[in-house]
Amino acid sequence: MYVPPSEPNEFLDGRVQVNFLAMQNYQAIQAKDGAFRPEDETQSDGFGRLRVNLMFKFKITENITADIDIAEEPNDFGNNGDRDFSFHQDFAGVEFDMFGLTGYEKENASLILRVGNIGASPFQFKGFQDGADNQGNALIGNGINDYATAENGIQLSYTETFDSGILRSYNVAGHMTTSSFGEAFQEDRGYNYRLQGTLEFEGGFKAGLNFFNANQGEQLVFENGLASLDGVTTTNYRFGDGENYNFSASASSERDTHVGALPGLNQSIMQLNLAYQPSDQTSVILMLGKATDDYTFADVEGNAVAGITYFGNEGVLDPTGTTFDSNQVIEADSSVEYWVVEAQQYIIPEKLYVAARYAESENTSDLIEQTDNEVTRLQVSAGYWINDRTLWKVEYVDQDEGVNSGGQIGAGFDGLTSEISVKF
């Protein structure tokens, strides 16, 4: 029997819900002159690997649900020479309706405890792209400062809605996770924390504030002021989730299109999100944020470098040298300040839309020269719903990276990319 896209595929009298997603991408993108890895400046256009997600949701009892997303997602799991064509647990957890379990009833309110994989990012109101799960994202990929990931831990979320008035709903959520999607129990490995608040108003106005904090720096062992990152667990959100722009000199699971200025040890993020979304046809979102760390990347002689990737010669900073990824840090404040504006408008309702996103990130780290220190990215996209399950996107992307910006490609990149996806 046909099931409309707005409804899940249900089995066993509604106790099991299943969705299948697949996405194929195509890109014609080049790094700009001055890239860290010269082979990225002239690469072939072509198709990427198919991304596939299989999502299950289980209604265990009236007040307990479990979910699992199994994915073949090369931009997360593609390190093994891109030969690892395997499904992986990409996201899973169990959620407890605390009001229902305790018998406490409160109208239009919920208190949900989640254990397992906790997904979080400081941005709100815009779509997030994760493997084949891309139809909620108006553009392609995420952003240069998206800081989105999933880790293991617990989350508590309270939501209350109102039938009338200016304020229509609010949510407060907090979580505690370990800095790993696997397991990490080494000495002095800390925790990551998030506190998030969201307000939704009559007329489509929304506001959200997010605070992230990690305390992973106690793992470091310093010698002559320099500490290695070998064996150290850093925060998964120091870069953000994998994107669908790929370069021939990188493994498919690299995060090198993001800003790489922060080591992700004692990292903190504060971000304000504002949105006007009067309908499903129109959306405007503004994001303002600052991310900081108590440590700065350095070369092997202890000289601060603007980001994890830098020009060097035998590991020593050298603007005319080869390319190195820093594996050591020094104690010094590093920070980035950033803002993003994104808009989407349907030209033909529920059929054809145009969208754009502009992001700007400035490396304001104490030991980094405050000139030529910005990364900017412009994305312009169009999306066409071939039918109510199939979305085709086309996008032009242009990223510029200053010498002191913490950008990881070297000078930036530009080109065209496209995705076609199905969800059923």
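Just so it is clear, the model here is predicted, and its values are computed rather than measured.

Examining the overall build of the chain
When helices and strands are tallied, the chain shows two helices and 23 strands. For the chain, the C-alpha radius of gyration of 22 Å lies close to 22 Å, the compact-globule estimate for 424 residues. If one aligns the C-alpha atoms of the chain with their principal axes, the spans along those axes are about 65 × 45 × 45 Å. For the chain, the proportion of its 424 residues judged to be buried stands at 52%. Restricting the contact set of the chain to residue pairs at least 6 apart, pairs at least 24 apart contribute 66%. Seen as two clouds, the 24 positive and the 65 negative side-chain charges of the chain have centres 9 Å apart.

Thoughts on unusual backbone geometry
With a phi angle near 60°, Asn108 is a residue other than glycine that sits in the positive phi range. Relative to the elements of secondary structure, Asn108 occurs in the loop between α2 (98–102) and β7 (109–120). On the basis of relative accessible area, Asn108 is assigned to the partly exposed category, the value being 33%. For Glu314, which is not glycine, the phi dihedral falls at a positive 55°. Along the chain, Glu314 turns up in the loop between β16 (309–313) and β17 (316–317).

A short note on the sheet that holds strand β18 (residues 322–325)
Reading across from one edge, β17-β16-β18 is the order of the three strands in this open sheet, with antiparallel pairing throughout. Edge positions in the sheet fall to β17 and β18, since each has one partner strand and no second. One ladder, built from four bridges, connects β16 with β18; its direction is antiparallel. Bridge pairing in β18 places Tyr310 opposite Phe324.

A word on the packing of aromatic side chains
Taken as a whole, this structure holds 19 aromatic pairs when the rule is applied. Residues Phe162 and Tyr170 carry aromatic rings whose centres are separated by 6.2 Å and whose planes lie at 25° to one another, so their mutual orientation is stacked. Look at Phe162 and you get partly exposed, because its relative accessible area is 30%. When the centroid spacing of 5.6 Å and the interplanar angle of 55° are considered together, the rings of Tyr245 and Phe413 count as tilted. With Tyr245 in the loop between β13 (226–228) and β14 (268–279) and Phe413 in strand β23 (residues 412–423), this pair connects stretches of sequence that are 168 residues apart. No difference in accessibility class separates Tyr245 from Phe413, as the two residues are buried. Chaining the aromatic ring pairs together yields one cluster made of Phe99, Tyr104, Tyr158, Phe162 and Tyr170. Here the guanidinium or amino end of Lys126 rests over the ring plane of Phe123, the centre of that ring lying 4.1 Å away. The ring of Tyr191 has Arg189 sitting right over it, with the charged end atom 5.1 Å from the ring centre.

Considerations on the pattern of salt bridges
Working definition: two side chains of opposite charge can pair if their charged atoms are close together. In this structure the tally under the stated criterion is eleven salt bridges. Taking the shortest distance from any N to any O, the salt bridge between Arg114 and Asp67 comes out at 2.8 Å. In this pair, Arg114 is assigned in strand β7 and Asp67 in strand β5 (residues 64–72), connecting sequence segments 47 residues apart. Side by side, Arg114 and Asp67 carry an identical accessibility label, which is buried. Through salt bridges with shared partners, one network takes in Lys32, Asp398 and Asp400.

Things to note about the nonpolar core
Taken as a class, soluble globular proteins show a tendency for nonpolar side chains to be buried jointly. With 22 residues, the main nonpolar core has Tyr147, Tyr237, Val259, Ile269, Ala291 and Val336 as its most contacted residues. When residues of this core are traced back to their parent elements, those giving at least two are β11 (205–214), β14, β15 (282–298) and β19 (328–348). Not counting residues up to four positions away in its chain, the partners in contact with Tyr237 are Tyr147, Thr149, Glu151, Asn192, Phe212, Asn213, Ala214, Gln267 and Ile269. Listed in part, the twelve residues of the second largest apolar core include Ala227, Val232, Tyr295 and Val329.

Some details on the confidence of the model for the chain
Scored by pLDDT, the chain comes out at a mean of 92, with 96% of its residues at no less than 70. Mean pLDDT values for the elements of the chain range from 68 in helix α1 (residues 74–77) up to 98 in strand β20 (residues 352–363).

Quick notes on the side chain of Asn53
Checked against the element boundaries, Asn53 lands in strand β4 (residues 51–61). One polar contact links the side chain of Asn53 to the main-chain amide nitrogen of Ala132, over a distance of 3.0 Å. If we skip the residues at most four places from it in the chain, Asn53 touches Asn19, Phe20, Leu21, Asp69, Ile70, Ala71, Asp90, Asp130, Gly131, Ala132 and Asp133.

So, the side chain of Asn363
Tracing the backbone through its elements, the reader meets Asn363 in strand β20. Residue Asn363 is classed as buried on the basis of its relative accessible area, which comes to 0%. Within the local environment of Asn363, its side chain forms a polar contact with the side chain of Ser365, the two groups lying 2.7 Å apart. Apart from the residues lying within four places of it in its own chain, the contact partners of Asn363 are Ala261, Ala306, Ser335, Val336, Ile368, Gln370, Asn373, Asn404, Ser405 and Gly406.

Conventions we followed
- Residues numbered from 1 in each chain as written.
- Predicted model: local features only at pLDDT ≥ 70, side-chain atom pairs only at ≥ 80, totals over all residues.
- Heavy atoms only, no water.
- Helix = DSSP H or I, 4+ residues; strand = E, 2+ residues; numbered from the N terminus.
- Rg over C-alpha atoms; globule rule 2.2 N^0.38 Å.
- Buried < 20%, exposed > 50% of the residue type's maximum accessible area, 1.4 Å probe, protein only.
- Contact = heavy atoms within 4.5 Å.
- Lys, Arg positive; Asp, Glu negative; His and termini not counted.
- Charge placed at Lys NZ, Arg CZ, Asp CG, Glu CD.
- Pairing = 2+ DSSP bridges.
- Phe/Tyr/Trp six-rings, centres within 6.5 Å; stacked < 30°, edge-to-face > 60°.
- Lys NZ or Arg CZ within 6 Å of the ring centre and 35° of its normal.
- Salt bridge = Lys/Arg side-chain N within 4 Å of Asp/Glu carboxyl O.
- Core = buried A, V, L, I, M, F, W, Y, C linked by side-chain atoms within 4.5 Å.
- pLDDT = per-residue confidence, 0-100.
- Polar contact = N/O pair within 3.5 Å; in protein donor to acceptor, adjacent residues only side chain to side chain.

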